[in-house]
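# Architecture at a glance
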Amino acid sequence: MPALTFPASFDSLDEIREYVGKIARDAGFSDQDVYSIQLAADEAASNVIEHAYAGNSKATFELSCAFRNDRLVVTLLDHGKQFDPSKVPQPDLKADLSDRKIGGLGIYLMRKLMDEVRYEITGAGNLLTLVKRKA
Amino acid sequence: MEIKISTENRRVQVTVMEVTGNIDSATHAAFEAKAAELIEGGARYILVDLTGVPYMSSAGLRALSAILNRLRAVNADISEEEMRKRINEGKYKSPHLKLLNLSEATRTGFETAGFDMFLEAFTDYQKALSSF
């Protein structure tokens, strides 16, 4: 799967959303699913930029997106601080509103909008895989 | 992202924030800071016009939540406990913060995150204003 390299800057987000959106649309996903995939990829990339690299904009990460066997697979590979989204507790949205903070909202959205969210520490770096099955 | 500010007098004075551009991790801080400045300057009822916003991520949703809490801090309608109870019962919408014209993409995150449980989203500008 070919991967694109992006600088760890929030300015990369527009291009990432466009990139995964085009592949999802070409694969025939519904508008709703395309929005879900774009949002999940944005949240994943935002986490890498904010947590793995903590604002080091000289760092880069790799993103790939491909459609195969009725599954759209988005991967993000970074070499920053390990950050396992599956370890972040699910926010209680109703309670947290009153607690004046909503932690883990992006991760909550990723899990809700995608069919699979997987995080692995590999020899090549920290690998996050997001999968959306075509209905 | 650009933000235009206007005020409209109805039953109360409504401050309208007309946003143009995406509200994501790159831009949410400017959006939140502008709202904070308005609230500091006396704004108590805010309508966020999202007609020109194709997309909002969780960063934008967190900003909305922070703005709502700022508005409640200066002008609480009901107690936290009562608000939580009513949200759980599906009977609460903020009287201080409302939204206009969510794009379909924005709605995806908005509803998945459950923000429709406490923020009302309108599609008609006049109706939105007169609802305050």
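The rules we used
- Numbering of residues starts from 1 in every chain and runs along the sequence as written.
- The naming scheme follows written order: chains are lettered A onward, ligands numbered 1 onward.
- pLDDT decides what is reported in this predicted model: residues at 70 or higher carry local features, side-chain atom pairs at 80 or more are listed and counted, and totals for whole chains, interfaces and linings draw on all residues regardless.
- The side-chain numbers reported here are obtained from all heavy atoms of the structure, hydrogens and water having been left aside.
- Of the grid points, spaced at 1 Å and generated over the protein atoms alone, those admitting a 1.4 Å probe that cannot get out make up cavities, while open sets with protein on both sides within 12 Å along at least five of seven lines make up pockets; any residue with an atom within 4 Å of a point is treated as lining.
- Grid points are joined across faces, edges and corners, and a volume is the space filled by probe spheres set on the points.
- In this description a helix means any DSSP run of H or I spanning at least four residues, a strand means any run of E spanning at least two, and both kinds are numbered starting from the N terminus.
- Residues are grouped as follows: nonpolar covers Ala, Val, Leu, Ile, Met, Phe, Trp, Tyr, Cys and Pro; charged covers Asp, Glu, Lys and Arg; every other residue, Gly included, is treated as polar.
- The contact criterion used is simple: two residues touch if any of their non-hydrogen atoms lie within 4.5 Å.
- Buried area: the accessible area, evaluated with a 1.4 Å probe, that two parts lose upon being put together, summed over both parts.
- By convention in these notes, a salt bridge is any Lys or Arg side-chain nitrogen within 4 Å of a carboxyl oxygen on Asp or Glu.
- Two N or O atoms count as a polar contact when they lie within 3.5 Å, although within protein this holds only if one can serve as hydrogen donor and the other as acceptor, and sequence-adjacent residues are included solely when both atoms are side-chain atoms.
- Scored between 0 and 100, pLDDT is the confidence that the predictor attaches to each residue.
- Ring pairs are drawn from Phe, Tyr and Trp, using the six-membered ring of Trp, whenever the two centres fall within 6.5 Å, and their geometry is named by plane angle: stacked under 30 degrees, edge-to-face over 60, tilted for the rest.
- Here, a charge over a ring means that NZ of Lys or CZ of Arg falls within 6 Å of the ring centre while also lying within 35 degrees of the ring normal.
- Expected span of a helix, by definition, is 1.5 Å for each gap between consecutive residues, and there is one gap fewer than residues.
- The rule is simple: take the accessible area with a 1.4 Å probe, protein chains only, and divide by the maximum for that residue type; under 20% is buried, over 50% is exposed, in between is partly exposed.
- As used here, the arc is the angular range of directions from the helix axis to the C-beta atoms.

Before going further, it helps to examine the layout of surface pockets. Reported here for the second largest pocket is a volume of approximately 150 Å³. Along its surface, the second largest pocket is lined by D14, R17, E18, R25, Y35 and Q38 of chain A together with N22, P54, Y55 and A105 of chain B. Sorting elements by how many residues they give to the lining of the second largest pocket places helix α1 (residues 13-26) of chain A first, with 4 residues. Classifying every residue of the lining of the second largest pocket gives 4 nonpolar, 2 polar and 4 charged.

Attention now moves to the interface of chain B and chain A. The interface of chain B with chain A comprises 28 residues on the first partner and 26 residues on the second. Between chain B and chain A the total buried area reaches about 2300 Å² when both faces are included, carbon and sulfur atoms providing 60% of it. Three residues stand out in chain B for area buried against chain A, namely Y55, T108 and T112 of chain B, and they jointly supply 21% of the buried area on that side. One salt bridge in this structure joins D24 of chain B and R17 of chain A, with 3.1 Å as the shortest N-O distance. At the surface where chain B touches chain A, the tally comes to 6 residue pairs in polar contact (both at pLDDT 80 or more). Of all the secondary structure elements, the ones that give two or more residues to the side of chain B that touches chain A are α2 (58-74), α3 (80-88) and α4 (104-112) of chain B.

This part covers the confidence of the model for chain B. When the pLDDT values of chain B are averaged, the result is 95; 100% of them are 70 or greater. For this predicted complex, the interface confidence comes out at an ipTM of 0.89, alongside a pTM of 0.91.

What follows is about the packing of aromatic side chains. Between two aromatic rings, the relevant description is the distance of the centres plus the angle of the planes. Residues and elements named next belong to chain B. Throughout the structure, instances matching the rule amount to 5 aromatic pairs over all chains. A ring pair is formed by F115 and F118, whose centres lie 5.0 Å apart and whose planes are at 50°; its orientation type is tilted. Members of the aromatic cluster, joined through ring pairs, are F110, F115 and F118. Here the guanidinium or amino end of K98 rests over the ring plane of F132, the centre of that ring lying 4.9 Å away.

Residues and elements named next belong to chain B. Taking 1.5 Å of rise per residue, the 13 residues of helix α1 (residues 28-40) would be expected to cover 18 Å, and the 18 Å separating its terminal C-alpha atoms lies within 8% of that figure. The complete set of buried residues in α1 reads F31, A35, A36, L38 and I39. Here the buried residues of α1 occupy an arc of 160° about the axis, which is enough to place them on one side. Just downstream of α1, G42 is the residue with a positive phi angle, here 115°.

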